[in-house]
Amino acid sequence: MKKSNYLLIGLLTFHYSCNKPTETVSWDFTDSTEFVVEEKALPAGDNSETSLDWEGTYFNTLPCESCEGIETWVTLNQDGTFELKTNYLGLNDAREEIFTGKFLWDKSGSNVTLQGLIGDYPGKFKVGEDQLWYLDQAGHRIEGALADQYILKRK
């Protein structure tokens, strides 16, 4: 018999001898009974990744110092892929860029980073209900008078 079985018998005997002195309890552990404790994973909790319907296309015209604005479309797909499309307004060549690739969620499940972008794009967004907040290089929301212009809305 295992030591854990002796301990269990001792604890049960003590419990019953203290609480029910007139009752006799008999335990048979001759069949090598083992007690198994299952560990279950704790729920991840509510966050943008697990609680929101985030898949879709988001749009806004972002501020631009050298043009009239940057039309920006971000599409997030359930399979972890994205498409980022930009159109620089007011430039002679109407420069349009399209990037595709994979995105990753951060540990909090609130922010995504678009992988493999070229240029000045930080590629970081905070995911909210039907909107994305464009984040700076350090992963912080844009603040100041133009802050609202850095929120892309779901189309």
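It should be emphasised that the depicted structure is a prediction, and the values quoted were computed from it without experimental measurement.

Chemist: Looking at this structure, how should I read the pairing of strand S7 (residues 131-134)?
Modeler: Alternating residues of S7 divide into Gln 131 and Trp 133 and Leu 132 and Tyr 134, and every residue in both groups is buried. Across four bridges, the pairing between strand S6 (residues 124-128) and S7 is antiparallel. When the bridges of S7 are listed, Gly 128 appears paired with Gln 131. A loop of two residues connects S6 with S7, the two strands running antiparallel in sequence, and Asp 130 in this loop sits at a positive phi of about 60 degrees. Note that S7 and strand S8 (residues 151-154) share three bridges and pair antiparallel. Looking across to S8, one finds that Leu 132 is bridged to Leu 152.

Chemist: Explain the pairing of strand S3 (residues 81-89) to me, please; I cannot follow it from the model alone.
Modeler: Two faces belong to every sheet, and in a regular strand the side chains alternate between them. Pairing of strand S2 (residues 69-76) with S3, which is carried by eight bridges, proceeds in the antiparallel orientation. In the sheet register, Leu 76 faces S3, and the bridge partner there is Phe 82. Between S2 and S3, which follow one another and run antiparallel, lie four residues, and Gly 80 among them has a positive phi close to 85 degrees.

Chemist: What should I look at first to understand the sheet that holds S6 in this one?
Modeler: Think of a sheet as strands paired side by side through backbone hydrogen bonds, with each pair either parallel or antiparallel. If you trace the eight strands once around the closed barrel, you get S1-S2-S3-S4-S5-S6-S7-S8, paired in antiparallel fashion. The sheet shows a mean angle of 30 degrees between the axes of neighbouring strands, taken without regard to direction.

Chemist: Help me understand a negative patch on the surface, please; the structure alone is not making it clear to me.
Modeler: Residues Asp 53, Glu 55, Asp 79 and Glu 129 make up a contiguous surface patch of negative charge. Mapped onto the secondary structure, Asp 53 falls in the loop between helix H2 (48-51) and strand S1 (56-62). Given a relative accessible area of 56%, Asp 53 falls into the exposed group.

Chemist: Before we go on, may I ask you to explain the packing of aromatic side chains in this structure?
Modeler: For any pair of aromatic rings, geometry is given as the distance between the ring centres together with the angle between the planes. This model, assessed by the stated rule, comprises six aromatic pairs. When the ring of Phe 59 is compared with that of Trp 73, the centres are 4.9 Å apart and the planes differ by 40 degrees; the resulting orientation is tilted. Note that Phe 59 is positioned in strand S1 and Trp 73 in strand S2, a separation of 14 residues in sequence. The class of Trp 73 is partly exposed, set by a relative accessible area of 24%. Centre to centre, the rings of Phe 103 and Trp 105 are 6.2 Å apart; their planes meet at 70 degrees, and the pair counts as edge-to-face. Using a relative accessible area of 6% as the deciding quantity, one classes Phe 103 as buried. Since its relative accessible area comes to 18%, Trp 105 is described here as buried.

Chemist: Just checking my understanding: could you explain the confidence of the model for the protein for this structure?
Modeler: Should the pLDDT be low somewhere, the predicted coordinates at that spot are not to be read in detail. Taken residue by residue, the protein gives an average pLDDT of 80. The fraction at 70 or more is 70%. Helix H1 (residues 3-19) is the least confidently modelled element of the protein, averaging 43 in pLDDT, while S8 averages 98, the highest of any element. Segment residues 2-23 is flagged for pLDDT under 50; beyond a separation of four residues in sequence, or across chains, it makes 13 contacts in the model. Here residues 39-43 scores under 50 on pLDDT; set against residues more than four positions off or in separate chains, the count is zero contacts.

Rules and cut-offs
Residues numbered from 1 in each chain as written. Predicted model: local features only at pLDDT ≥ 70, side-chain atom pairs only at ≥ 80, totals over all residues. Heavy atoms only, no water. Buried < 20%, exposed > 50% of the residue type's maximum accessible area, 1.4 Å probe, protein only. Helix = DSSP H or I, 4+ residues; strand = E, 2+ residues; numbered from the N terminus. Pairing = 2+ DSSP bridges. Axes fitted to C-alpha atoms, helices over the stretch in contact; angles between N-to-C directions. Patch = residues over 30% accessible without salt bridge, like charges linked within 9 Å, V, L, I, M, F, W, Y side chains within 5 Å. Areas by Shrake-Rupley, 256 points an atom, 1.4 Å probe, with all protein chains shown as cover. Salt bridge = Lys/Arg side-chain N within 4 Å of Asp/Glu carboxyl O. Lys, Arg positive; Asp, Glu negative; His and termini not counted. Charge placed at Lys NZ, Arg CZ, Asp CG, Glu CD. Phe/Tyr/Trp six-rings, centres within 6.5 Å; stacked < 30°, edge-to-face > 60°. pLDDT = per-residue confidence, 0-100. Contact = heavy atoms within 4.5 Å.

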